[in-house]
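# A structural walkthrough
Each chain, letter by letter, is given below.
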There are 2 protein chains.
Amino acid sequence: VNGVTVDRNGLEVLEPAECFRLLSHATVGRIGLSMGALPVVLPVNFLVEDGRILIRTGAGTKLDAALHDAVVAFEVDHIDPFEHGGWSVCVTGVAREVRDERDLDRIRSLPLAHWTPNGVGHVIEISTDIMSGRRIVRP
Amino acid sequence: VNGVTVDRNGLEVLEPAECFRLLSHATVGRIGLSMGALPVVLPVNFLVEDGRILIRTGAGTKLDAALHDAVVAFEVDHIDPFEHGGWSVCVTGVAREVRDERDLDRIRSLPLAHWTPNGVGHVIEISTDIMSGRRIVRP
């Protein structure tokens, strides 16, 4: 039986490899960033490829502007309010626009959705250097 | 038929009253804040009472410290990746510890859950002054 590390709140601390696995299997995440000097959290579709988080933004939008060379938080979770269980993973990384044409061509072939009907302009990549995760431990 | 306001991304802009209604019916939200100078997003249980968001934190935790008199983002959403639909509401407000004993007594009688086994120490309130919401418009 493997040992489980528990934090001071009694939540299981997830290993980086497990965080990355959970992140890679999710399709919707929440991005935390500053827009107009105020913190906001927004849901976005994403894809993990080559160790980075990829999202699309409408070119020229406030979100697009806020994601150029900014440090952002990116969170995925699965919470079950009825079962009283769940996990969450939070990444803190640098968001940058992908500008390399070969990279963009390849990314365009990936199943990276964008739910807004208009303005699928830019592809943003977020590094996954800092990652932490927690899971609710069943008694 | 009521008119629907659509933003430049083609998403329906929700009225403040509708944002507040959606917020009031949710039980899990994600809080976006700075911890150790880095942005993070974490899931939390919450309750809306008297126009404010109430959450519990373990006393003395990093989260607890980060929620004292800080401007934070608070997000709720319902996303359906299969139906390609959903909505999200984001609040930006000031987080403060509730210290008034009468207020605390009343809050303790409310169904405000806390999932971590340890340290259910402080009650934090977040103001709901700034609120915005979006809904994916079906074609």
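Cut-offs applied
- Residues numbered from 1 in each chain as written.
- Chains lettered and ligands numbered in written order.
- Predicted model: local features only at pLDDT ≥ 70, side-chain atom pairs only at ≥ 80, totals over all residues.
- Heavy atoms only, no water.
- Helix = DSSP H or I, 4+ residues; strand = E, 2+ residues; numbered from the N terminus.
- Buried < 20%, exposed > 50% of the residue type's maximum accessible area, 1.4 Å probe, protein only.
- Contact = heavy atoms within 4.5 Å.
- Areas by Shrake-Rupley, 256 points an atom, 1.4 Å probe, with all protein chains shown as cover.
- Lys, Arg positive; Asp, Glu negative; His and termini not counted.
- Charge placed at Lys NZ, Arg CZ, Asp CG, Glu CD.
- Phe/Tyr/Trp six-rings, centres within 6.5 Å; stacked < 30°, edge-to-face > 60°.
- Pairing = 2+ DSSP bridges.
- Least-squares fit on C-alpha atoms with pLDDT ≥ 70 in both.
- Salt bridge = Lys/Arg side-chain N within 4 Å of Asp/Glu carboxyl O.
- pLDDT = per-residue confidence, 0-100.

Before going further, it helps to spend a moment on the overall build of chain A. When you go through chain A residue by residue, the secondary structure sums to 3 helices and 9 strands. Considered along the principal axes of its C-alpha atoms, chain A spans approximately 50 × 35 × 25 Å. A total of 139 residues make up chain A; the buried ones form 51% of that total. Of all intrachain contacts in chain A linking residues separated by at least 6 positions in sequence, the fraction that spans at least 24 positions is 68%. Roughly 7100 Å² of accessible area belongs to chain A as shown, and the carbon and sulfur atoms make up 52% of that amount. Positive and negative charge centroids in chain A, built from 14 and 19 side chains respectively, lie 2 Å apart.

With respect to the secondary-structure elements, Ile130(A) resides in strand E9 (residues 130-135). Overall, the relative accessible area of 43% leaves Ile130(A) in the partly exposed class. With 114 residues separating them along the chain, Ile130(A) and Pro16(A) place their C-alpha atoms 9.0 Å apart. Dropping the residues within four chain positions of it, Ile130(A) is found in contact with Cys90(A), Val91(A), Thr92(A) and Leu38(B).

Note on aromatic pairs: each is described by the distance of the centres and the angle between the planes. Residue and element names in this part refer to chain A. Using the criterion set out here, one finds 2 aromatic pairs over all chains in the structure. Residues phenylalanine 46 and phenylalanine 74 carry aromatic rings whose centres are separated by 4.8 Å and whose planes lie at 75° to one another, so their mutual orientation is edge-to-face. Of this pair, phenylalanine 46 sits in the loop between strand E3 (38-45) and strand E4 (47-49) while phenylalanine 74 sits in strand E6 (residues 70-80); the two residues are 28 residues apart in sequence, bridging distant segments of the chain. Residue classification places phenylalanine 74 among the buried positions, given a relative accessible area of 0%.

Attention now goes to the pairing of E3(A). Residues and elements named next belong to chain A. Both strand E2 (residues 28-35) and E3 contribute to a ladder of 8 bridges, which runs antiparallel. If you follow arginine 30 over to E3, its bridge partner there is proline 43. Connecting E2 to the next strand, E3, in antiparallel fashion are 2 residues, including glycine 36 with a positive phi near 60°.

Okay, the environment of Leu63(B) next. With respect to the element layout, Leu63(B) can be found in helix H2 (residues 62-66). Spatially, the C-alpha atoms of Leu63(B) and Ile79(B) are 26 Å apart, while their sequence positions differ by 16 residues.

This part takes up the relation of the copies chain B and chain A. For these two chains of identical sequence, chain B goes onto chain A by a turn of 180° and a shift of 0.0 Å along the axis, with RMSD 0.0 Å. Both copies of the chain, as the preceding transformation shows, are related through a two-fold rotation axis. Minimal C-alpha distance to the rotation axis in chain B is attained by Gly32(B), lying at 2.8 Å. Comparing interface residues between copies, 100% of those in chain B also lie at the interface in chain A; the contact surface is shared.

Our focus in this paragraph is the pattern of salt bridges. By the definition in use, this model includes 29 salt bridges over all chains. Taken together, the salt bridges that share partners define one network made up of Arg30(A), Asp77(A), Arg30(B), Glu75(B) and Asp77(B).

Chain-level statistics for chain A give a pLDDT mean of 89 and a share of 93% at 70 or above. Reported confidences for the modelled complex are a pTM of 0.91 and an ipTM of 0.90.

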